[in-house]
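Residue strings, one per chain:
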Amino acid sequence: MSFPKVNAVIVGAGAGGGIVAKELALAGLSVVLLERGDWARYDEHNDDELQSQRTPALGNPFGPDDRRHRRVFVYPNGSTRIVLPSEGAYSNNAGCIGGGTVSYGAMAWRFMPQDFRLRSTYGEVKDSTLEDWPISYDDLEPFYEKAEYEIGVAGDYTNNPFCGPRKKPFPMPAFPYNKEGRRIVETATRMGLHPFPIPMLRNSVPYNGRPACIHMRSCVGFACPVNAKAGTHNTVLPIALATGNCQLRTGCVAAEIIVDDRGHARGVRYFDSDNRAQEQPADLVMISASATETARLLLNSKSKLFPNGAGNNNDWVGHNLQGHCYVGAFGLIEEEVYEEAGPGATVGISDFNHGNPGLVGGGMLANEFIDLPYRFCDVRPPGEPRWGKAHKDFQRRYYKHVVRLIGPVQEIPNFSARVSVDPAVKDAWGIPVCRLSGTRHPYDLQGGEFLSKKAEAIIKETGATRVWRNGPSLWLSGGQHQAGTCRMGNDPKTSVTNRFGQVHQIDNLFIADGSLHVTNGGFNPVLTIMALAYWVSDYIKTGWKGSKFR
Amino acid sequence: MSQDLIVGIAGANGDGVSRRTVLKLVAVVALGAAVGVGASAGITHWGRTAPPPYRFFSEAEAKLLIAICEQIIPRDDTSGATDAGVIYYIDRQISGPLARHQQSYRLGLASFRKTCLQVYKTPFEELAFEQQTDALRLIEEGNAPNDLWGDPSQKAFFDLVLDHTRQGFYGSPRHGGNRDYASYRMLGLAYPNLIGQNRYANGRPI
């Protein structure tokens, strides 16, 4: 069945789609927002580590489910395996209203000015698709600020000399350091570094009608029981719905962007919560489904002018899949540094994001979120027994005695790391699934070695008695920080959208999510995804004329 | 009869019925006790009564798996895998969300049994604790006779049991393991993790 036409249909109610829905609905456009998941409720999974989005041993609490979804993973040796959403190789983000912003750790980093022009800062890297963004930090600055104020960020950059210029301070004061954080701050300061409180999309004081954080140890990977953690589900989406201009349809799985023979997007074909095929016609189509699912949807949308998928005539859709390789160092320490105050990550160090001699890029370091007991089983120095009495002894002796510094390495884009569509395997609705293949760029090993050694040097200075590093690997990137598969650019031959997220050659088809990222920074990417969603929305609102775009 | 009802509750919880539903059922049981229907057993664990039957494992498979899990997390001055009910966690989950591993358990346990009979001429459960440790290490490292193993391989089977034992020991008690919060007590973690139970007030440590 087909619904009446609306101005805009948006696929995905996560970090990007939630913001676009609010911006367009407030501007007076009629909006239908399609989301495959539903509202996430704290009560259903509470503080259960086995149903945390971080360790989903018994399935993803915030979706998608293992029953109806699957992907194909291609190993470096060419063998393939069908993987389920709760398995690591699936590269899941989340599938619920708010997307990853319901259960994330909520670090609110702006990328640095250099992150938008890596190629011109550092030059070419062999066998990579390293490129500058078509927009600058200055272009995005007002939209970073909007995200910080509308979603809500607590922070203080007094001691961070490396961040880009900002016009306004953070809307909320920073969170205090925890015990582990204080130890790292003392040490790093002594070493001439510049530690500062991690900016967080989490209320340090009551803000926007929601209360302050109550510091659950189960925070990252979980929903917040008091809504102190800010996502699109508890900030912009309620505003969008209150306008009366935005209809949210849950349990809806997009199958195809309808593109007519003249190359215009006409709407979206999807399956509703009763698995019935539906069509939603619209003046413009916005895809905000995450770097993996957005690419899949475009590739599954074949039409006369785009026989290889929407916007894919130059074969760039799905390539350059990035995420973050996390590296760092751990140390065992005499002092009990564990504090029953979640989420645990409190201190950031940005000294190593850029300006590292002989290295392209770098990365941020932060102390780690609280590891719950099951996850802690893998926090071990090399060679430590995995089981038996030695395992128990380690758990008992060190659970509250670990100092950790880890961080995301800025990845070098690799054309062969990609999302394609599997020729044979389909999901429960008969839609061809994502096929993930390739590896990280070999250069990332250099970045990872560098950053983990910097972390190791700091941890050694904290007084830890036994210190070990977690180094990099070439394993295909993606996961929660997935990005890069529909990069923006000025040259249609080497990008998928223009600088406003508008797909080349299909002027009423837009993208607003991590897919647009040309490079993915040495930081958690969510605030950049949010800022881009405001940036793309602003462009649409400015050019909107009645029922047509431009 | 009341015991059946209690077993039913635990099962429903593990199958994904919400905690609220379970609390309602518990309330019904409590009411039953109050009006003298005869519900006298504790409702937080199996108490003194016989443990429930297994959903997937045969008695012989369960006996072997219990011994393997106890090697992975042995009892010393604190509880081990057997005390914590890890076998019930695994049995329940591979009858539910982890059903994809059923075949691995069935075939893997059979290969494991054959391995011990061939190498030690004795069933694993009857070996001395130190010999069990050696046998398990042999399999962990892939050094047992390979002709006794197919899919899963010996290493893959060990890794599977290792992971599920950890889950059962350290996960939420609502899935059948971590009985009496054994692992949380061992680590000195407060439980239940009450909302608002923390050392902060107004954003400052107190």
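Residues numbered from 1 in each chain as written. Chains lettered and ligands numbered in written order. Predicted model: local features only at pLDDT ≥ 70, side-chain atom pairs only at ≥ 80, totals over all residues. Heavy atoms only, no water.

Observations regarding the overall build of chain A
Then, number 1: Of regular secondary structure, chain A possesses 11 helices and 19 strands.
Then, number 2: For 550 residues, the compact-globule estimate of 2.2 N^0.38 gives 24 Å, and chain A sits close to it at 22 Å.
Then, number 3: When its C-alpha atoms are laid out on the principal axes, chain A stretches across 70 × 50 × 45 Å.
Then, number 4: Taken as a whole, chain A presents about 18,200 Å² of accessible surface, with 50% of it coming from carbon and sulfur.
Then, number 5: Separation between the mean location of the 59 positive side-chain charges and that of the 56 negative ones in chain A comes to 1 Å. (Helix = DSSP H or I, 4+ residues; strand = E, 2+ residues; numbered from the N terminus. Rg over C-alpha atoms; globule rule 2.2 N^0.38 Å. Areas by Shrake-Rupley, 256 points an atom, 1.4 Å probe, with all protein chains shown as cover. Lys, Arg positive; Asp, Glu negative; His and termini not counted. Charge placed at Lys NZ, Arg CZ, Asp CG, Glu CD.)

Description of the interface of chain A and chain B
Interfaces are frequently sized by the accessible area removed from exposure as the parts join.
Then, number 1: Each partner contributes residues to the interface: chain A has 47 residues there, and chain B has 49 residues.
Then, number 2: Of the roughly 4,000 Å² buried between chain A and chain B on both sides combined, carbon and sulfur atoms contribute 54%.
Then, number 3: Broken down residue by residue, the surface that chain A buries against chain B is led by R386, W387 and K392 of chain A, which jointly contribute 20%.
Then, number 4: For the pair chain A and chain B, the number of links is 8 salt bridges.
Then, number 5: A salt bridge links R386 of chain A to E140 of chain B; the nearest nitrogen and oxygen atoms lie 3.1 Å apart.
Then, number 6: At the surface where chain A touches chain B, the tally comes to 21 residue pairs in polar contact (both at pLDDT 80 or more).
Then, number 7: Secondary-structure elements contributing two or more residues to the side of chain A that touches chain B are α2 (42-45), α8 (373-376) and α9 (389-398) of chain A.
Then, number 8: Looking at which element gives the most residues to the side of chain A that touches chain B, the answer is α9 of chain A, with 6 residues.
Then, number 9: By residue class, the composition of the side of chain A that touches chain B is 19 nonpolar, 11 polar and 17 charged. (Contact = heavy atoms within 4.5 Å. Buried area = accessible area lost by both parts, 1.4 Å probe. Salt bridge = Lys/Arg side-chain N within 4 Å of Asp/Glu carboxyl O. Polar contact = N/O pair within 3.5 Å; in protein donor to acceptor, adjacent residues only side chain to side chain. Nonpolar A, V, L, I, M, F, W, Y, C, P; charged D, E, K, R; others polar.)

Some details on the state of the cysteines
Residues and elements named next belong to chain A.
Then, number 1: For the coordinates displayed, the defined rule picks out 0 disulfides over all chains.
Then, number 2: The cysteine C96 is free of any disulfide, with C224 supplying the nearest cysteine sulfur at 14 Å.
Then, number 3: Left without a disulfide partner, C246 is nearest to the cysteine sulfur of C252, which lies 13 Å away.
Then, number 4: C246 gets classed as buried once you look at its relative accessible area, which sits at 7%. (Disulfide = S-S within 2.5 Å. Buried < 20%, exposed > 50% of the residue type's maximum accessible area, 1.4 Å probe, protein only.)

A closer look at the sheet that holds strand β4 (residues 80-83) of chain A
Strands belonging to one sheet form pairs held by backbone hydrogen bonds; the direction of such a pair is parallel or antiparallel.
Residues and elements named next belong to chain A.
Then, number 1: Taking strand neighbours across the sheet as the criterion, the 4 strands line up as β4-β3-β15-β14 in an open arrangement whose pairing is mixed. The sheet is open, and its two edges are formed by β4 and β14 (418-426), each paired on a single side. Each neighbouring strand pair of the sheet contributes to a mean axis angle of 35 degrees, computed without reference to strand direction.
Then, number 2: Of the strand pairs in this sheet, strand β3 (residues 71-74) and β4 are connected by 4 bridges, and their pairing is antiparallel. Paired with V74 across the two strands is T80, which belongs to β4.
Then, number 3: Across the face of the sheet, helix α7 (residues 291-299) comes into contact with β3, β14 and β15 (432-437) while running at roughly 60 degrees to β14. (Pairing = 2+ DSSP bridges. Axes fitted to C-alpha atoms, helices over the stretch in contact; angles between N-to-C directions.)

Section: the confidence of the model for chain B
All names here are of chain B.
Then, number 1: For chain B, per-residue confidence averages 79 on the pLDDT scale, and 67% of positions sit at 70 or higher.
Then, number 2: This stretch, residues 1-44, has a pLDDT under 50; its non-local contacts, to residues over four places away or in other chains, come to 33 contacts.
Then, number 3: Confidence drops under a pLDDT of 50 for residues 197-206, and excluding neighbours within four residues, the segment shows 23 contacts in the predicted structure. (pLDDT = per-residue confidence, 0-100.)

Quick notes on the pattern of salt bridges
Then, number 1: The final tally for this structure, using the stated rule, is 52 salt bridges over all chains.
Then, number 2: As a salt-bridge pair, E461 of chain A and R190 of chain A come within 3.8 Å of each other at their nearest N and O atoms. Note that E461 of chain A is positioned in helix α10 (residues 443-461) and R190 of chain A in helix α5 (residues 179-190), a separation of 271 residues in sequence.
Then, number 3: Taking relative accessible area as the criterion, E461 of chain A reaches 42% and is therefore assigned partly exposed.
Then, number 4: Note on R190 of chain A: relative accessible area 55%, which makes it exposed.
Then, number 5: R106 of chain B is the partner of E61 of chain B in a salt bridge, and the nearest nitrogen-oxygen pair spans 2.7 Å. With E61 of chain B in helix α3 (residues 59-72) and R106 of chain B in helix α5 (residues 102-120), this residue pair connects regions lying 45 residues apart in the sequence.

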